[in-house]
Amino acid sequence: MKKLISSIKEIMKYFFSGLMYILPVALFFYIMILTFDLTKSLYISLVGKIHSQSTTVMLISATAFAIAYVGYYINEKKKIDIIHFIENKIFELPFVGSIAKMIKDLISSLSGDN
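The present account deals with the structure reproduced in this document. Fair warning: this is a prediction, and the values are worked out from it, not measured in the lab.

With that settled, the discussion passes to the overall build of the protein chain. Across its full length, the protein chain holds four helices and zero strands. Shown N-terminal to C-terminal, the secondary structure of the protein chain runs as helices and strands in the order α-α-α-α. Its C-alpha atoms give the protein chain a radius of gyration of 20 Å, more than 25% over the compact-globule value 13 Å for 114 residues. Based on the C-alpha atoms only, the size of the protein chain along its principal axes is roughly 65 × 35 × 25 Å. Burial statistics for the protein chain: of 114 residues in total, 9% are counted as buried.

The following block contains the structure:
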């Protein structure tokens, strides 16, 4: 019985370790797809339909630009109170907060911020 419990604990440890690596990547792709769909629907509402492959490339570029602009705006305007409020509330959550802190530390170490 003790061996079964220790095996279950070990499997859960591996599961959550894998989840901590996969979750940021999945979240990144989800945000990319969501932003692309928003950009595409905006383009379709203005023009009518997507005509060519170059339009798709333009939409992907606009999506990347929009995400980069939001990142720039948040980094340059450090005094956005609502962002800090939401960030602090997320950090207070037991499991999600530790994952969010890990992701923030990873991003800051990759971007060279201290």
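Back to the text.
This structure, assessed with the given rule, holds one aromatic pair. On the basis of an interplanar angle of 70 degrees and a centroid distance of 5.4 Å, the ring pair of Phe-28 and Phe-29 is categorised as edge-to-face.

Counted at 1.5 Å a residue, the expected span for helix 2 (residues 53-76) with its 24 residues is 34 Å, and the 34 Å between its end C-alpha atoms agrees. Considered for burial, the residues of helix 2 that qualify are Thr-55, Leu-59 and Thr-63. Those residues of helix 2 hidden inside the fold are in contact with helix 1 (2-47).

Moving on, we get to the packing of helix 1 against helix 2. Closest axis-to-axis distance for the helix 1/helix 2 pair is 9 Å, and the angle between their directions is 125 degrees. Viewed along their axes, helix 1 and helix 2 adopt a mutual orientation that is oblique. Relative to helix 2, helix 1 is oriented so that their crossing is right-handed. Between helix 1, through Ile-31, Met-32, Thr-35, Phe-36, Thr-39, Lys-40 and Tyr-43, and helix 2, the contact on the second element is made entirely by Thr-55, Thr-56, Met-58, Leu-59, Ile-60, Ala-62, Thr-63 and Ile-67. Across the contact of helix 1 with helix 2, the residue classes tally to nine nonpolar, five polar and one charged.

With that settled, the discussion passes to the side chain of Thr-39. In this fold, Thr-39 is placed in helix 1. What makes Thr-39 buried here is its relative accessible area of 17%. A distance of 2.8 Å separates a polar side-chain atom of Thr-39 from the backbone oxygen of Thr-35.

Looking now at helix 1. Taking 1.5 Å as the rise per residue, helix 1 with 46 residues should run 68 Å; its terminal C-alpha atoms sit 65 Å apart, in good agreement. In the structure, helix 1 departs most strongly from a straight axis at Ile-22, where the bend amounts to approximately 30 degrees and where the proline Pro-24 lies between one and four residues downstream. When we look at burial in helix 1, the residues that qualify are Thr-35, Thr-39 and Tyr-43. The inward-facing, buried residues of helix 1 contact helix 2. Gly-48 sits one or two positions beyond helix 1 and adopts a positive phi of about 125 degrees.

Calculation criteria
- Residues numbered from 1 in each chain as written.
- Predicted model: local features only at pLDDT ≥ 70, side-chain atom pairs only at ≥ 80, totals over all residues.
- Heavy atoms only, no water.
- Helix = DSSP H or I, 4+ residues; strand = E, 2+ residues; numbered from the N terminus.
- Rg over C-alpha atoms; globule rule 2.2 N^0.38 Å.
- Buried < 20%, exposed > 50% of the residue type's maximum accessible area, 1.4 Å probe, protein only.
- Phe/Tyr/Trp six-rings, centres within 6.5 Å; stacked < 30°, edge-to-face > 60°.
- Expected span 1.5 Å × (residues − 1).
- Contact = heavy atoms within 4.5 Å.
- Axes fitted to C-alpha atoms, helices over the stretch in contact; angles between N-to-C directions.
- Parallel < 35°, antiparallel > 145°, perpendicular 65-115°, else oblique.
- Left-handed = near helix turned anticlockwise from the far one by under 90°.
- Nonpolar A, V, L, I, M, F, W, Y, C, P; charged D, E, K, R; others polar.
- Polar contact = N/O pair within 3.5 Å; in protein donor to acceptor, adjacent residues only side chain to side chain.
- Bend = angle between axes of the 7 residues up to and from the residue.

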